[in-house]
Amino acid sequence: LLPPLPPPPPDRMYYFDYQHCLTAPIIPSAVMGTIFAGLDVAQGGTFQPSRIVIYGGGLYAYNILQCPMEAIHGRPSLAHNMLAGGILGSVGVSSGHLGVPFVS
């Protein structure tokens, strides 16, 4: 989802552009949040602009949670995806904003 980072300068071993990390996922998160809200409407839900913000904000948070992990390891990893998703999921469920499907 994110464009590749610029190459590191040769004089610095560990280079990570935090500005790029925080600004690059804005547009993709907004677009995908709009698509997910559209899928809700297509499945019979009512249109609510707040859902665009919630979906887009969740995707943005997911992307920016991975940035420090990639900076530490120097590369993207499946473990970063799972950890970022697990953190967001546990915070969402414990705060009551997310639910576990098929659990009564």
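Scoring rules and cut-offs
Residues numbered from 1 in each chain as written. Predicted model: local features only at pLDDT ≥ 70, side-chain atom pairs only at ≥ 80, totals over all residues. Heavy atoms only, no water. Helix = DSSP H or I, 4+ residues; strand = E, 2+ residues; numbered from the N terminus. Buried < 20%, exposed > 50% of the residue type's maximum accessible area, 1.4 Å probe, protein only. Contact = heavy atoms within 4.5 Å. Areas by Shrake-Rupley, 256 points an atom, 1.4 Å probe, with all protein chains shown as cover. Patch = residues over 30% accessible without salt bridge, like charges linked within 9 Å, V, L, I, M, F, W, Y side chains within 5 Å. Salt bridge = Lys/Arg side-chain N within 4 Å of Asp/Glu carboxyl O. pLDDT = per-residue confidence, 0-100. 1 Å grid on protein atoms, 1.4 Å probe; cavity = no way out; pocket = protein on both sides within 12 Å on 5 of 7 lines; lining within 4 Å. Points joined across faces, edges and corners; volume = space filled by probe spheres on them. Nonpolar A, V, L, I, M, F, W, Y, C, P; charged D, E, K, R; others polar. Polar contact = N/O pair within 3.5 Å; in protein donor to acceptor, adjacent residues only side chain to side chain. Phe/Tyr/Trp six-rings, centres within 6.5 Å; stacked < 30°, edge-to-face > 60°.

## So, the overall build of the protein
Then, in step 1: For the protein, the helix and strand inventory stands at four helices and zero strands.
Then, in step 2: Secondary structure elements in the protein, listed N-terminal to C-terminal, are α-α-α-α.
Then, in step 3: Looking at the 104 residues of the protein, the share that counts as buried comes to 18%.
Then, in step 4: The long-range share in the protein, meaning contacts at least 24 apart out of those at least 6 apart in sequence, stands at 37%.
Then, in step 5: Summed over its atoms, the accessible surface of the protein is roughly 7500 Å², and 70% of this surface lies on carbon and sulfur atoms.

## What about a nonpolar patch on the surface?
Then, in step 1: Taken together, the side chains of Ile26, Ile27, Val31, Ile35, Phe36 and Leu39 present a nonpolar region at the surface, about 530 Å² in accessible area.
Then, in step 2: By the secondary structure assignment, Ile26 is in helix α2 (residues 26-42).
Then, in step 3: Judged by its relative accessible area of 44%, Ile26 is partly exposed.

## Regarding the confidence of the model for the protein
Then, in step 1: Summarising the model, the protein shows a mean pLDDT of 85, and 85% of its residues fall at 70 or more.
Then, in step 2: The secondary-structure element of the protein with the lowest mean pLDDT is helix α1 (residues 18-23), recorded at 86, while α2 shows the highest, at 94.

## Topic: the layout of surface pockets
Then, in step 1: Looking at the second largest pocket, its volume works out to about 240 Å³.
Then, in step 2: Those elements that provide at least two residues to the lining of the second largest pocket are α2 and α3 (49-73).
Then, in step 3: The dominant element in the lining of the second largest pocket, judged by the number of residues it contributes, is α3, at six residues.
Then, in step 4: In terms of residue class, the lining of the second largest pocket is made up of seven nonpolar, one polar and two charged.

## A few points about the side chain of Gln66
Then, in step 1: Relative to the helices and strands, Gln66 is located in helix α3.
Then, in step 2: Here the side chain of Gln66 touches Tyr62 through a polar contact of 3.2 Å, side chain to side chain.
Then, in step 3: Engagement of the side chain of Gln66 in a polar contact is seen with the side chain of Asn81, the distance being 3.0 Å.

## A few points about the packing of aromatic side chains
Then, in step 1: Considering all chains together, one arrives at one aromatic pair under this definition.
Then, in step 2: Seen from their ring centres, Phe36 and Tyr55 are 6.2 Å apart, and the 90 degrees between their planes marks the pair as edge-to-face. Linking Phe36 in helix α2 with Tyr55 in helix α3, this pair joins segments that are 19 residues apart in sequence.
Then, in step 3: Take Phe36: its relative accessible area is 33%, and that puts it in the partly exposed class.

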